[in-house]
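Fold and geometry: a report
One-letter residues, chain by chain:
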Amino acid sequence: MRRALALLATLALAACQAPLAVAPEAQAAPPRTQAAPAPANCVFCKIVAGTAPSRKVYEDPYVLAFWDIRPRAKVHLLVIPKQHVASLKELDELPVETRAALLSACVRVARDQGILDEGFRVISNAGKDASQSVFHLHFHVVGGEKLREDAITKDPLGR
């Protein structure tokens with residue numbers, strides 16, 4: 001009985017949050033919010049636009065996933081929103097569909113790369129103290145091997 005009630009509550013919540021039915025051609029691009037314009041030199045915006053190369057592994061109307069050019073694990077992919085926001089700190093500037101697509105894409109690419117069952121890590125660095133190097137929100141999906149347990153360490157040299 002509890003299980004049935006929980007299922008009904010979940011379905012009701014999903015129905016309240018579900019977008020209205022829209023023609024397929026209208027779903028081609030995510031809705032834009034009033035975010036600041038992307039910097040002209042953003043390499044990830046150039047990858048989205050197709051003016052910079054990448055090894056794409058997944059794409060939908062909201063997000064793009066591709067191999068990191070400096071991998072730190074056997075599998076090291078990046079998942080980015082197509083709409084520019086600088087970091088996770090600006091997540092609320094993205095439409096809810098894009099926010100959901102980001103996490104769903106992380107799981108999907110982990111499954112597609114065969115690392116879902118053995119384990120993978122999702123990382124997002126936000127700001128200079130977190131060592132964010134490209135200021136376009138991105139999630140690192142890493143795995144394919146045993147990862148170090150302590151991924152949160154202070155740089156002993158203070159770099």
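Up top is the structure these notes are about.
The sections below set out a description of the structure shown in this document. (Residues numbered from 1 in each chain as written. Predicted model: local features only at pLDDT ≥ 70, side-chain atom pairs only at ≥ 80, totals over all residues. Heavy atoms only, no water.)

Note that strand S1 (residues 56-59) and strand S2 (residues 63-67) share 3 bridges and pair antiparallel. Bridge assignment links Tyr58 to a residue of S2, and that residue is Ala65. Where S1 hands over to S2, the hairpin turn is made up of 3 residues, counted between the paired strands. (Pairing = 2+ DSSP bridges. Helix = DSSP H or I, 4+ residues; strand = E, 2+ residues; numbered from the N terminus.)

This part takes up the side chain of Lys82. Looking at the element boundaries, Lys82 is found in the loop between strand S3 (75-81) and helix H3 (96-112). Of note is the side chain of Lys82, whose polar atom sits 2.8 Å from the side chain of Glu59. (Polar contact = N/O pair within 3.5 Å; in protein donor to acceptor, adjacent residues only side chain to side chain.)

The subject of this paragraph is the sheet that holds S1. A sheet is described by the order of its strands in space; here 5 strands give the open sequence S1-S2-S3-S5-S4, paired in antiparallel fashion. What marks the edges here is a single partner per strand, and that holds for S1 and strand S4 (120-123). Averaged over all pairs of adjacent strands, the angle between their axes in this sheet comes to 20°, without regard to strand direction. Across 4 bridges, S4 lies against strand S5 (residues 139-143) in antiparallel orientation. Each residue of the ladder has a partner; that of Ile123, found in S5, is His140. Across the sheet, H3 touches S1, S2, S3, S4 and S5, and the angle it forms with S3 is around 160°. (Axes fitted to C-alpha atoms, helices over the stretch in contact; angles between N-to-C directions. Contact = heavy atoms within 4.5 Å.)

Now for the pairing of S5. Where burial is concerned, most of S5 is hidden: 5 out of the 5 residues are buried. Of the two faces of S5, the one carrying Phe139, Val141 and Gly143 and the one carrying His140 and Val142 are both buried. The sheet contact formed by S3 and S5 spans 5 bridges and is antiparallel. Counterpart to Leu78 in the pairing with S5 is His140. (Buried < 20%, exposed > 50% of the residue type's maximum accessible area, 1.4 Å probe, protein only.)

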